[in-house]
Amino acid sequence: MQFNHLLQRLQQGDSVAADELAPLVYSELHRVAAAKMARERAGQTLQATALVHETYLRLVGEAEVHWQGRRHFFAAAAEAMRRILVDRARRKLC
């Protein structure tokens, strides 16, 4: 099924669309997560796979986002990953 069509269905509240979208985006999200994790300090306990899962849950849980296509989705994913890593770093400092 076409990526943009799945995003539309997801925005309309179709929970099946989230299940169908996951395998289409997983490898790309994992590649981005692995690259981000490679730039983190040694001793980071978060694995790329866990970062992908947390990112995906945040993205598909955003009911108010109106995805404009694949590029928008992956840009939002990269930003969500960055925020997750920043939040984890802040929690470690406290």
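Residues numbered from 1 in each chain as written. Predicted model: local features only at pLDDT ≥ 70, side-chain atom pairs only at ≥ 80, totals over all residues. Heavy atoms only, no water.

## A few points about the overall build of the chain
Argument step 1. Across its full length, the chain holds four helices and zero strands.
Argument step 2. The N-to-C order of helical and strand elements in the chain reads α-α-α-α.
Argument step 3. Taken over the C-alpha atoms alone, the chain extends approximately 40 × 25 × 20 Å along its principal axes.
Argument step 4. In the chain, buried positions account for 33% of the 94 residues.
Argument step 5. Long-range pairs, those at least 24 residues apart, make up 59% of the contacts in the chain between residues at least 6 apart in sequence.
Argument step 6. Per element, the accessible surface of the chain, about 6,200 Å² overall, is 52% carbon and sulfur.
Argument step 7. Taking the average location of the 14 positive side-chain charges in the chain and that of its 10 negative ones, the two points are 10 Å from each other. (Helix = DSSP H or I, 4+ residues; strand = E, 2+ residues; numbered from the N terminus. Buried < 20%, exposed > 50% of the residue type's maximum accessible area, 1.4 Å probe, protein only. Contact = heavy atoms within 4.5 Å. Areas by Shrake-Rupley, 256 points an atom, 1.4 Å probe, with all protein chains shown as cover. Lys, Arg positive; Asp, Glu negative; His and termini not counted. Charge placed at Lys NZ, Arg CZ, Asp CG, Glu CD.)

## Some details on the packing of helix α2 (residues 15-38) against helix α4 (residues 70-93)
Packed helix pairs are characterised by how far apart their axes lie and by the angle those axes make with each other.
Argument step 1. Close contact between α2 and α4 brings their axes to 11 Å; oriented N to C, the two are set at 45 degrees. Considering the angle they form, α2 stands oblique to α4. Crossing geometry of α2 relative to α4 is assigned as right-handed. Seen from α2, the contacting residues are Leu 21, Val 25, Glu 28, Leu 29, Val 32, Ala 33, Lys 36 and Met 37; seen from α4, they are Phe 73, Phe 74, Ala 77, Ala 78, Met 81, Arg 82 and Leu 85.
Argument step 2. Residues belonging to the contact of α2 with α4 are distributed by class as follows: 12 nonpolar, no polar and three charged. (Axes fitted to C-alpha atoms, helices over the stretch in contact; angles between N-to-C directions. Parallel < 35°, antiparallel > 145°, perpendicular 65-115°, else oblique. Left-handed = near helix turned anticlockwise from the far one by under 90°. Nonpolar A, V, L, I, M, F, W, Y, C, P; charged D, E, K, R; others polar.)

## What to know about α2
Argument step 1. Taking 1.5 Å as the rise per residue, α2 with 24 residues should run 34 Å; its terminal C-alpha atoms sit 33 Å apart, in good agreement.
Argument step 2. Largest kink in α2: about 50 degrees, centred on Val 25.
Argument step 3. Along α2, the positions that sit buried rather than exposed are Ala 17, Ala 18, Leu 21, Val 25, Leu 29, Val 32, Ala 33, Lys 36 and Met 37.
Argument step 4. Its side-chain oxygen at 2.9 Å from the backbone nitrogen of Val 16, Asp 14 defines the N-terminal cap of α2. (Expected span 1.5 Å × (residues − 1). Bend = angle between axes of the 7 residues up to and from the residue. Polar contact = N/O pair within 3.5 Å; in protein donor to acceptor, adjacent residues only side chain to side chain.)

## Description of the environment of Arg 70
Argument step 1. Checked against the element boundaries, Arg 70 lands in helix α4.
Argument step 2. Along the backbone, Arg 70 and Ala 35 are 35 residues apart, and their C-alpha atoms lie at a distance of 19 Å.
Argument step 3. Among residues more than four places away in sequence, those in contact with Arg 70 are Phe 3, Asn 4 and Leu 7.

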